[in-house]
Amino acid sequence: MQKVKAWISAARLRTLPLSISGIIVGTSLGNFQVSNALQEVYDADHGTICFAFSSVWRSPIFWLAILVTIGFQVLSNFANDYGDGVKGTDANREGEKRMVASGVITPSQMKVGMIITGLITLFLASLLIFIAFGNEHFILAFIFFNLAIAAIIAAVKYTVGTNAYGYSGFGDVFVYLFFGLLSVLGSYFMFVKSLELELLLPATAIGLFSVAVLNLNNMRDIYNDAKVGKNTLVVKFGMKKAKRYHYALIVIGMVSAIAYTLLNYHSPYQFIYTVAFIPLLLNCIKVSKNSEPRLLDSELKKVALSTFAFAILFAFLN
């Protein structure tokens, strides 16, 4: 039982709502687009318009995309625990305890866990791709399969290996690309088989809010990361500039979401998602007043859950 708890802790379940936020937005917008295409069906017998709606909740694409994303996130968390653990980065870290660094899970055991998680996730990704594209869109299926492979490599290489990109300040870029662009645009594309330029706006909102969570994490760990040579953007920028960067991430994310809604306006109820912006703005105030980085740990959950709430409200009201 103790070992099971250790693996659950290493999976860091609190990160999962953030990871699926982009899927919720992308699949809901994609499903809405498909529903609109089916919405007006002329009934010649009655001279009326029939309405055909499909629910995203009943779509296997939605649920498989959720499972695949969770798989990628758990794999990333295992790899992060392993990479930082064997490099000694987590020896004096703030926040929740890491399993490899504490010795509860050995590096070899974590490696096995990463391999198993990676294989299961790749299988689920293959199933998702087949259901979404079938045999008719082989080239698209091939592209998405390679994106799945790239996502697995990115999840592992964040902290594992001598050239781990999380140690050289590129973590923010990859979080934006995978949590924002790939998550939202990729899941949308699986429904519609096409993309609109304006979709970059909600994708950017989710991506930047996700980067804000990473930035908070890096601000919290600034002293320890600098000591062990983990050169995150926060270490490179310094705390003052990192705070300004944080405000920019939050504000540009909010503006991107509002811009998309204005471009697709049909009801004032669409703006209900701005309720989720309140804790994000409060977070910016908390960050501005902070002088003890370790106290930012509780803010990670606030921003992550606010992003999840935004995704739910935005997806089903836009």
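Residues numbered from 1 in each chain as written. Predicted model: local features only at pLDDT ≥ 70, side-chain atom pairs only at ≥ 80, totals over all residues. Heavy atoms only, no water.

A.B. asks: Go over unusual backbone geometry with me, naming the residues and quoting the values.
C.D. replies: One non-glycine residue, Arg-12, lies in positive phi territory at about 50°. Exposure remark for Arg-12: the relative accessible area of 10% places this residue in the buried category. In the Ramachandran plot, Lys-193 falls in the positive-phi region, its phi being about 65° despite a non-glycine side chain. (Buried < 20%, exposed > 50% of the residue type's maximum accessible area, 1.4 Å probe, protein only.)

A.B. asks: An account of the packing of aromatic side chains is needed here, citing residue identities and associated values.
C.D. replies: All chains considered together, the criterion is met by 19 aromatic pairs. With a centroid separation of 4.0 Å and an interplanar angle of 25°, the aromatic rings of Tyr-165 and Phe-174 are classed as stacked. When the centroid spacing of 6.1 Å and the interplanar angle of 65° are considered together, the rings of Phe-209 and Phe-277 count as edge-to-face. Taken together, the residues Phe-209 in helix α8 (residues 200–220) and Phe-277 in helix α12 (residues 277–289) connect sequence positions 68 residues apart. The exposure classification of Phe-209 matches that of Phe-277, with both residues buried. One aromatic cluster in this structure is built from Phe-209, Tyr-260, Tyr-265, Phe-271, Tyr-273, Phe-277, Phe-310 and Phe-314. Above the ring of Tyr-167, the side-chain terminus of Lys-230 is found at 5.3 Å from the ring centroid. (Phe/Tyr/Trp six-rings, centres within 6.5 Å; stacked < 30°, edge-to-face > 60°. Helix = DSSP H or I, 4+ residues; strand = E, 2+ residues; numbered from the N terminus. Lys NZ or Arg CZ within 6 Å of the ring centre and 35° of its normal.)

A.B. asks: Residues and numbers for the side chain of Asp-81, please.
C.D. replies: Within the secondary structure, Asp-81 is located in helix α3 (residues 60–87). Within the structure, the side chain of Asp-81 is placed 2.8 Å from the backbone nitrogen of Val-100, a separation counted as a polar contact. (Polar contact = N/O pair within 3.5 Å; in protein donor to acceptor, adjacent residues only side chain to side chain.)

A.B. asks: Give a detailed account of the environment of Ser-194, specifying residues and quantitative values.
C.D. replies: Mapped onto the elements, Ser-194 comes out in the loop between α7 (171–192) and α8. Sequence-wise, Ser-194 and Gly-30 are 164 residues apart; in three dimensions their C-alpha atoms are separated by 9.5 Å.

A.B. asks: Please provide a residue-by-residue account of the pattern of salt bridges, values included.
C.D. replies: Pairing between side chains of opposite charge can happen when their charged atoms approach one another. Under the definition given, this model contains seven salt bridges. Lys-302 is paired through a salt bridge with Glu-299; the nearest N and O atoms lie 3.2 Å apart. Here Lys-302 and its partner Glu-299 are both found in helix α13 (residues 297–317), three residues apart, which amounts to about one turn of the helix. Residue classification places Lys-302 among the partly exposed residues on the basis of a relative accessible area of 29%. Within this structure, Arg-14, Arg-220, Asp-221 and Asp-297 form a network of salt bridges that share partners. (Salt bridge = Lys/Arg side-chain N within 4 Å of Asp/Glu carboxyl O.)

A.B. asks: An account of the environment of Gly-161 is needed here, citing residue identities and associated values.
C.D. replies: Considering the arrangement of structural elements, one finds Gly-161 in the loop between α6 (138–157) and α7. We classify Gly-161 as partly exposed; its relative accessible area is 29%. In sequence terms Gly-161 and Lys-87 are 74 residues apart; their C-alpha atoms lie 9.4 Å from each other.

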